[in-house]
Amino acid sequence: MKDCKAAEAESYFTKIKVTNLEGEAIVGAEITENNIRIDDSGRPIDENSGTGITDKNGELEDFLGIGPGTTNEPGEDTENDRQGIKNFVNETPVESQTTQVLTIKTPDGAVYRAEFDHNVTNQISVNGKKEIDSETNENGVNLRIEESKPKITLVSPAPTKKPNN
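Residues numbered from 1 in each chain as written. Predicted model: local features only at pLDDT ≥ 70, side-chain atom pairs only at ≥ 80, totals over all residues. Heavy atoms only, no water.

Engineer: Mind showing me how you'd approach the pattern of salt bridges here?
Structural biologist: Oppositely charged side chains may form a pair once their charged atoms are brought near each other. Inspection of the entire model under this criterion finds 3 salt bridges. Its salt-bridge partner being Glu95, residue Lys130 comes within 2.6 Å of it at the nearest N-O pair. Here Lys130 is found in strand β11 (residues 129-132), whereas its partner Glu95 is found in strand β8 (residues 95-105), with 35 residues between them in sequence. Under the relative-accessibility criterion, Glu95 is labelled buried at 7%. We note a salt bridge from Arg113 to Glu115, for which the minimum N-O separation is 2.7 Å. (Salt bridge = Lys/Arg side-chain N within 4 Å of Asp/Glu carboxyl O. Helix = DSSP H or I, 4+ residues; strand = E, 2+ residues; numbered from the N terminus. Buried < 20%, exposed > 50% of the residue type's maximum accessible area, 1.4 Å probe, protein only.)

Engineer: Explanation requested: the nonpolar core in the structure shown.
Structural biologist: Side chains that are nonpolar tend, in soluble globular proteins, to be buried together. Of all hydrophobic cores here, the largest spans 10 residues; its members are Ile16, Val18, Ile26, Ala29, Ile31, Leu60, Leu102, Ile104, Ala114 and Phe116. Setting aside residues up to four positions removed in sequence, Ile104 forms contacts with Val18, Ala29, Glu30, Ile31, Ala110, Val111, Tyr112 and Ala114. The next biggest cluster of nonpolar side chains, apart from the first, holds 6 residues, and it includes Val89, Val94, Leu143 and Ile145. (Core = buried A, V, L, I, M, F, W, Y, C linked by side-chain atoms within 4.5 Å. Contact = heavy atoms within 4.5 Å.)

Engineer: Sorry if this is basic, but what is going on with the environment of Ile152 here?
Structural biologist: As for its position among the elements, Ile152 is in strand β13 (residues 151-156). The class of Ile152 is exposed, set by a relative accessible area of 57%. Note: C-alpha distance between Ile152 and Ile104 (48 residues apart in sequence) is 9.9 Å. When sequence neighbours within four positions are dropped, the list of residues in contact with Ile152 reads Tyr112, Arg113 and Ala114.

Pasting the structure below:
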């Protein structure tokens, strides 16, 4: 189980890390994310879909947004700012179960598909009944993420290089 880390006022994030079989980071991999919602109960989380490039550590931040983003300037004190979002998340039942599908194109041109189950929740079971968890992480939110081990398949190998004549 991973805790969400605070990012922008309206978002929280985890990191996606791409490595080769030896565990070495793959820098510059293009990752396209698609989310397939499989179950909704309580207030669902709007999880983003999109494309990004892994950084020098082979990582890409995966943002989780709660409702519409704020357009307020940093430092403005409104309900859409960080504390308002924390209060909303900590007081509203959240459970979002999706199948995450990542298409990963490596710098050498190979394309892979990674598929895994992804559950974001702030609920716990107490005497067989779901309740909002009162325990928060170091960022003051009670969201937790559980993910299954990714199933990775090769979609297309890297193109073979033709020798120069």
